[in-house]
Amino acid sequence: MLNVLEHLPQGLLELEVTDLYKLLETPTLIHLEGERQAPLFVSILLHGNETTSWLAMRSLLQRYQGKVLPRSLSIFFGNVSAARYRQRHLDDQPDYNRIWQPGDSPEQKMAQQVIESMRSRGVFASIDVHNNTGLNPHYGCITRLDRRSLNLAKLFSRTVVYYTTPKTVQSCAFAELCPSIVIECGQPDVPDGTAHALEYLETCLALESISDREVTDIDLFHTVAIAKIPPSVSFGFADLNPQHSTVDLKPQTSNRDIYFPADLDRLNFCELPVGTKLGDIRATGDRAYLEAWDESGQDVSDRFFSYDQGAIRTRLPVMPSMLTLQPHIIRQDCLCYLMERLKI
């Protein structure tokens, strides 16, 4: 399933994300030699709708055409099949950022090949480039709180998120080998996200080493739970413009169990006080509720959410991230992550 190359296929740098499948029929790992031997590993397009990773990588490689890279570079092209259709993943596929623990599926076996290949090459650092669909700042995510991981994250943004689940993500697997980070670059196809990712990749390629000094001047948050909408619960969003609304603005007449405001994602990275309203439920919708699962997989829904007079409210001070207005993303992944501020 994994294609491994030691060169860039001719014509690759001219392709748009939706055309990559024409040259890369399967997930592909490309190793390029540079002045420093230990390679920087960059995974792109683990989600086929998150296009910033390819736009930034294409620009980086175009800049170095005919030149020697300052450090060897290994690029993993993930779900090129889904990228063809700008989908997170196709219906018959797993999420390519949930396959990085040993298992029997072809995708899990492929991911283990990538890990072992990079282990044998003495990987220098790992960067997984992502977008999100709601309004979020650019931020870095790490699975370990050691100084090198924190310094690698700070090079991208002062906003850093520490998380430990799910264990099946790429950055968690690579943290066993080297400093590993996810960079969240805002929404796809936005020029400042591409420019920021490109600048960061160039910075990391030029590093002789990753600093081990103490980090103090960052905003550090800890992901403590993931919020989901149960499959049996229907939901929708009220449009701010009633002429274009696809969901009835009145909860008592809505045919959804839960409806959220159309600008719900404005709450991302806002520290919400107790009692903040997240959405409305139908008057007869006793089964309308949200789930919350902590890092150990325990149901902590009652800890985070209360239901008062037809409204869903926060029970604790909390900060959400990755709230999105796209229902299919919510169904494929989650409603949001819930975070608390950490002191270093």
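Above this text is the structure in question.
Presented here is a report on the structure given in the accompanying data block. (Residues numbered from 1 in each chain as written. Predicted model: local features only at pLDDT ≥ 70, side-chain atom pairs only at ≥ 80, totals over all residues. Heavy atoms only, no water.)

**Observations regarding the sheet that holds strand 12 (residues 277-281)**
Defined as follows: At least two DSSP bridges between two strands are required for those strands to pair. Only DSSP runs of H or I reaching four residues or more are called helices, and only runs of E reaching two or more are called strands; each is numbered from the N terminus. What counts as an axis is a line fitted to C-alpha atoms, over the stretch in contact for a helix, and the angles between N-to-C directions run from 0 to 180 degrees.
As summarised here, the arrangement of the five strands in space is 10-11-12-15-14, forming an open sheet in which the pairing is mixed. Edge strands, defined here as strands with exactly one partner in the open sheet, are strand 10 (235-238) and strand 14 (305-308). Strand-to-strand twist of the sheet, defined as the mean angle between neighbouring strand axes without regard to direction, takes the value 30°. Strand direction decides the pairing type here: strand 11 (residues 258-261) and strand 12, joined by two bridges, are antiparallel. Counted as the bridge partner of Tyr 259 is Asp 280 from strand 12.

**Remarks on the packing of helix 1 (residues 52-63) against helix 6 (residues 191-206)**
What counts is decided by this rule: Put simply, angles under 35 degrees are roughly parallel, angles over 145 are roughly antiparallel, angles from 65 to 115 are roughly perpendicular, and the rest are oblique. For any helix crossing, the convention is left-handed if the near helix is rotated counterclockwise from the far helix by under a right angle, and right-handed if that rotation is clockwise. Throughout, a contact is declared for two residues whenever any of their heavy atoms are within 4.5 Å. Any residue that is not Ala, Val, Leu, Ile, Met, Phe, Trp, Tyr, Cys, Pro, Asp, Glu, Lys or Arg is counted as polar, Gly included; the first ten are nonpolar and the last four charged.
Direction vectors running N to C along helix 1 and helix 6 enclose 50°, while the axes themselves pass 8 Å from each other. Looking at the two axes, helix 1 sits oblique to helix 6. Crossing handedness for the pair helix 1 and helix 6: right-handed. For the pair helix 1 and helix 6, contact is made by Thr 52, Leu 55, Ala 56, Met 57, Ser 59, Leu 60 and Arg 63 and by Gly 193, Thr 194, Ala 197, Leu 198, Leu 201, Glu 202 and Leu 205, respectively. Considered class by class, the residues forming the contact of helix 1 with helix 6 number eight nonpolar, four polar and two charged.

**Things to note about empty space enclosed by the protein**
Going by this rule: In this analysis, the protein atoms alone were mapped onto a 1 Å grid. Cavities are point sets where a 1.4 Å probe fits without being able to get out; pockets are open sets with protein on both sides within 12 Å along at least five of seven lines; lining residues have an atom within 4 Å of a point. Grid points are joined across faces, edges and corners, and a volume is the space filled by probe spheres set on the points.
Summed over all chains, the structure comprises two cavities of 30 Å³ or more. Roughly 420 Å³ of volume is contained in the largest cavity. Along the walls of the largest cavity sit 28 residues, with Arg 98, Glu 184, Met 322, Asp 333 and Tyr 337 positioned nearest its centre. Put simply, the parts of the chain that give the lining of the largest cavity at least two residues each are strand 6 (139-142), strand 8 (180-184) and strand 17 (336-342). Residue composition of the lining of the largest cavity, by class: 12 nonpolar, 11 polar and five charged. When its volume is computed, the second largest cavity comes out at roughly 100 Å³.

**Section: helix 4 (residues 147-154)**
Owing to its 3.6 residues per turn, the α-helix aligns residues three or four sequence positions apart on the same side. Just so we agree on the cut-off: Only protein chains enter the accessibility calculation, which uses a 1.4 Å probe; a residue is then buried when its area is under 20% of its type maximum, exposed when over 50%, and partly exposed in between. Pairs of N or O atoms are called polar contacts if they sit within 3.5 Å, as long as, within protein, a hydrogen donor faces a hydrogen acceptor (for residues adjacent in sequence, only side-chain-to-side-chain pairs).
Restricting attention to buried positions, one finds in helix 4 the residues Ser 149, Leu 150, Asn 151, Leu 152 and Ala 153. Packing partners of the buried residues in helix 4 comprise strand 5 (125-130), strand 6, strand 7 (159-162), strand 8, helix 6 and strand 9 (219-228). Sitting at the amino-terminal end of helix 4 is Asp 146, which places a side-chain oxygen 3.3 Å from the backbone nitrogen of Arg 148.

**Remarks on the nonpolar core**
Rule in force here: The definition of a nonpolar core used throughout is a set of buried Ala, Val, Leu, Ile, Met, Phe, Trp, Tyr and Cys residues joined through side-chain atoms within 4.5 Å.
Formed by 49 residues in total, the largest nonpolar core has its most connected members in Trp 54, Met 57, Leu 73, Phe 77 and Ile 127. Tallying contributions element by element places helix 6 first for this core, with six residues. Ala 225, Val 233, Phe 237 and Ala 292 belong to the second-largest nonpolar core, a separate cluster that totals 27 residues.

**A closer look at the pairing of strand 9**
Two faces, one strand: in a regular strand the side chains alternate between the faces of the sheet. Of all the 10 residues making up strand 9, eight are buried; the element is thus mostly covered by neighbouring parts of the structure. Of the pairings in the sheet, the one linking strand 9 to strand 17 comprises seven bridges and is antiparallel in character. Paired with Thr 223 across the bridge in strand 17 is Met 339. Taken together, the four bridges between strand 9 and strand 13 (residues 291-294) define a ladder with antiparallel strand orientation. When the sheet's bridge partners are listed, Ala 225 is paired in strand 13 with Asp 294.

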